[in-house]
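Spelled out from the first residue to the last, the chains are:
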Amino acid sequence: MLRGMILRGRRPEVMLACLFLAAAAGCFADLSEVPQVTVQPASAVQKLGGPVLLGCAVEPPWMDITWRLNGQELNGSADALGVLITRGRLVIPALSNRTVGRYQCVARMPAGAVASVPATVTLANLQDFKLDVQHVIEVDEGNTAVIACHLPESHPKAQVRYSVKQQWLEASRDNYLIMPSGNLQIVNASQEDEGMYKCAAYNPVTQEVKTAGSSDRLRVRRSTAEAARIIYPPEAQTIIVTKGQSLILECVASGIPPPRVTWAKDGSSVAAYNKTRFLLSNLLIDTTSEEDSGTYRCMADNGVGEPGAAVILYNVQVFEPPEVTMELSQLVIPWGQSAKLTCEVRGNPPPSVLWLRNAVPLTPSQHLRLSRRALRVVSVGPEDEGVYQCMAENEVGSAHAVVQLRTARPGTTLRPWRDAKADVATPPVPSSRPGSPDLLLRGPETSVPPASPPCPGEKGQLAPAEAPIILSSPRTSKTDSYELVWRPRHEGGGRAPILYYMVKHRKQVTNASDDWTINGIPASQHRLMLRRLDPGSLYEVEMAAYNCAGEGQTAMVTFRTGRRPKPEIVASKEQQIQRDDPGAGPQSSSQPDHGRLSPPEAPDRPTISMASETSVYVTWIPRGNGGFPIQSFRVEYKKLKKVGDWMLATSAILPSRLSVEVTGLEKGTSYKFRVRALNMLGESEPSAPSRPYVVSGYGGRVYERPVAGPYITFTDAVNETTIMLKWMYIPASNNNTPIHGFYIYYRPTDSDNDSDYKKDMVEGDRYWHSISHLQPETSYDIKMQCFNEGGESEFSNVMICETKARKSSAQPGRRPPPTLASLQPPPPETLERPMGTGAMVARSSDLPYLIVGVVLGSIVLIIVAFIPFCLWRAWSKQKHTTDLGFPRSALLPSSCQYTMVPLGGRPGHRDNGQPYLNGRGCANGMHVTRSCPAAAMGYPGLSPPQHCPGELQQ
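The following paragraphs examine the structure supplied in this document. (Residues numbered from 1 in each chain as written. Predicted model: local features only at pLDDT ≥ 70, side-chain atom pairs only at ≥ 80, totals over all residues. Heavy atoms only, no water.)

Moving on: the overall build of the protein. What the protein contains, in helices and strands, is eight helices and 71 strands. In the protein, which comprises 954 residues, the proportion classed as buried is 43%. In the protein, once contacts between residues fewer than 6 apart in sequence are set aside, the share between residues at least 24 apart is 67%. (Helix = DSSP H or I, 4+ residues; strand = E, 2+ residues; numbered from the N terminus. Buried < 20%, exposed > 50% of the residue type's maximum accessible area, 1.4 Å probe, protein only. Contact = heavy atoms within 4.5 Å.)

Listed below in structure tokens is the structure:
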């Protein structure tokens, strides 16, 4: 009703009505909204007679939309051209020469008009091949051969096909690589590859196929030694690529032995650039940016001939679509003063700039002074009010920015308008405190009070806002920032206008995530620059629109920032290139190294957003392609409430598409999704499953959190580190609210700190779980919650269970009995484990104890065996002394010392002709004496030492 009054120009009546309804804030918001084209019509290529659909979305959505063809309004002439125009759509049922050209949508409101960027509709065509003669291509055996195909002019670009051995080859296979340039590379050429080759061009729109008039013959020769030479490209090349697209620089060398190929950019080795990879000897850049422009050098060398003789150069230019920014979105100037509108334009090549007022191009005059960067309006008057556009366009794209100029009488008090800048008033924005469950709205002092405008009716009768549509690509070359762009879904249908957006983003790390960073965005703004991000990191974004009914449905996207080359890894990159560079191996090798070629890496975990009541959008980010281009993607899904394998949702998704709609889902069912990438060598491992997503079936329904939790019915210690538990959950206790799974919390019983609780998550409808990595012989408190996207339930009952002791021997008193007997059998996997008390579970942590025990036991055995040996040695020595004729009373301890003295001539008993003196024998003129401590102490039976004759004289 109010908007209808606005369209009729009854501005004073509108203001009085708004004041009467106490909704002045909302009404002024409508009056001050800056018209925007949120979804631009996209250029299209179609065959003659084919249908074309152009779409256009504007904000505010109630604006009138018209269309232009080549600058002329399509009003009555639309029917004559056979063009159908509906709100926001233009349909060409059958494209003809009269309906090709540049189309623009124009949105009009009382405050002014705004035009979209042009969308070009062209006819698809495929020209004939130029006449050519047969070429004979020679290559050394074991090297790579190149069959060049000079594709004819085609719109869109033609796809190449090759006739190989009487079969048409449409994609890379075996040792045949079809490059984006249209060339065919034959890896490790042999005698079997000799023969005739012919190329053909295929237009994917017209589906025409045209074949070259001549064939090329390949000959494979055998040589003993030949200097390296570059066989493709034959001369220096200039390559132009659009920012964000992939780039392949081909360089094929030949020689005996096979040459080593190296690459450099602007005189420095490409080892310093993390973005480059290799496909055989070709250089690949997955996502180009402005920093990739420059001169690339390919050099081949095999040690034969003059070094550095085989060199080819590439001049790469990265073209960037225009980017346009303006300082303000609204401006109020008093009459008679001058207004200056500045416009910052970026792009390569430099874009041309066109200024428009209310969708009409402006021409320079004394009153309007135009330049590429600014528009100056001299002596502003009321006729200068309106919407001004700065529109930029170059060879690869176009962009525009909008500012609304309002005028005022001199002396009028100027009130700042709502805008996203700090120097003008803004609507309420949420607090940026991360992790806060209750987000408070606040605004600067110049804004309207932070209270939401009253809803035109009961709050319960209005549906929450639908999830916004995120337009940003999940891949960015910027290392520390990301531009998030979105548009609202269609409003109306019982939904109140959007008041603001809530945008949250955080970094994903291994097995965890950082805290949320929260931003509140005005309803009129549909882009946000996320800054201060970490290079080469994965981030997730969640955003929702808020209206009078509260928070709307959530839209999600994940993106990965670009990588920044680090100086400290440049040296290791030189070693890495030995694996990535096909010529980096020994020069004597005659076979290329294919060990680094593999299926693609698994894509990043996909994100899910709502498409309709029974369908969702699955979005993902690819990773490495394994050395060969990714040919397609495949999306799989699985129902959480049913046991079963993953099922195929859709396949043969083009590599240029990173999002797909999955239809035919069941309402009220929870799903998980995962993605696989495929190239010519096979398919990747599946990505990490997405987070559970519930297909609501109700456009505005937001599930409430469950209140009643599960009930734990059984706990038992499986071994000294594992406890198994079972529980039951009754959906009727939560009014049949769907749940995503369960949280299990556990901590040692002797702990009183809630922070000691650890958490396991069980997704789906599984009602048992094993808690592992526990401490032996320790009692644990265990409790649970169930959860869904609305939150967590209350805690369940608390159970106490003690793990088993570390000892493996049976101890009847040690085994903790089950807390509550269960009538149901345990899960199958628990039956495979030893459940008895005396069961011994082998664990790697017992190995150190086993080693120490073996070592100590060996030492004890050695000591026990050495003691009898020592006793036997002592007994043998005593027996030997007795056998020499010493009386037992004269046997002394082993500490006695023996000395030899000269033999005297004293008479005495003789033994073998030698005299004895008191039991001591003297032989060979020497006398044997013994000095013992016992003799000095007067030991019984011992006499003082005596000497042989003549020893006193000495």
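Take the packing of aromatic side chains next. Taken as a whole and judged by the stated rule, the model has 16 aromatic pairs. A centroid spacing of 3.8 Å and a plane angle of 5 degrees characterise the contact between Tyr482 and Phe559, whose relative ring orientation is stacked. Placement of Tyr482 in strand S44 (residues 482–487) and of Phe559 in strand S50 (residues 550–560) is noted, with a sequence separation of 77 residues between them. When the ring of Tyr743 is compared with that of Tyr745, the centres are 6.4 Å apart and the planes differ by 70 degrees; the resulting orientation is edge-to-face. For Tyr745, a relative accessible area of 14% translates into the label buried. Sitting over the face of the ring of Tyr743, Lys759 holds its NZ or CZ atom 4.2 Å from the ring centroid. (Phe/Tyr/Trp six-rings, centres within 6.5 Å; stacked < 30°, edge-to-face > 60°. Lys NZ or Arg CZ within 6 Å of the ring centre and 35° of its normal.)

This paragraph deals with the state of the cysteines. This model, assessed by the stated rule, comprises four disulfides. Across a sulfur-sulfur distance of 2.1 Å, Cys149 and Cys199 are joined as a disulfide pair. Linking Cys149 and Cys199, the disulfide has an S-S dihedral of approximately 75 degrees and is accordingly described as right-handed. Here Cys199 lies in strand S20 (residues 195–202) and Cys149 lies in the loop between strand S14 (145–147) and strand S15 (154–155), a separation of 50 residues in the sequence. (Disulfide = S-S within 2.5 Å.)

Turning next to unusual backbone geometry. The omega torsion of the bond from His155 to Pro156 falls at 0 degrees, within 30 degrees of zero and hence cis. Within the secondary structure, Pro156 is located in the loop between S15 and strand S16 (159–164). Omega for the bond connecting Ile256 with Pro257 falls within 30 degrees of zero, at -5 degrees, which places this linkage in the cis form. In this structure, Asp174 is a non-glycine residue whose phi angle is positive, near 55 degrees. Judged by relative accessible area, Asp174 falls into the exposed class, the value being 61%.

Here we come to the sheet that holds strand S7 (residues 84–86). Ordered by their spatial adjacency, three strands build an open sheet running S3-S8-S7, and the pairing between neighbours is antiparallel. The sheet is open, and its two borders are formed by strand S3 (52–55) and S7, each paired with just one other strand. Each strand axis lies, on average, 15 degrees off the axis of its neighbour in the sheet, ignoring direction. Both S7 and strand S8 (residues 89–92) contribute to a ladder of three bridges, which runs antiparallel. By the bridge assignment, Leu84 is partnered in S8 with Val91. (Pairing = 2+ DSSP bridges. Axes fitted to C-alpha atoms, helices over the stretch in contact; angles between N-to-C directions.)

This next bit is on the sheet that holds strand S52 (residues 615–619). A sheet is described by the order of its strands in space; here three strands give the open sequence S51-S52-S55, paired in antiparallel fashion. Since the sheet does not close on itself, it has two edges, and those belong to strand S51 (607–612) and strand S55 (659–662), each with one partner. Geometrically, the sheet is characterised by an average inter-axis angle of 25 degrees between neighbouring strands, direction not taken into account. With four bridges connecting them, S52 and S55 associate as antiparallel partners. Within S55, the residue paired with Thr619 across the bridge is Ser659.

Geometric values such as these leave the question of function open.
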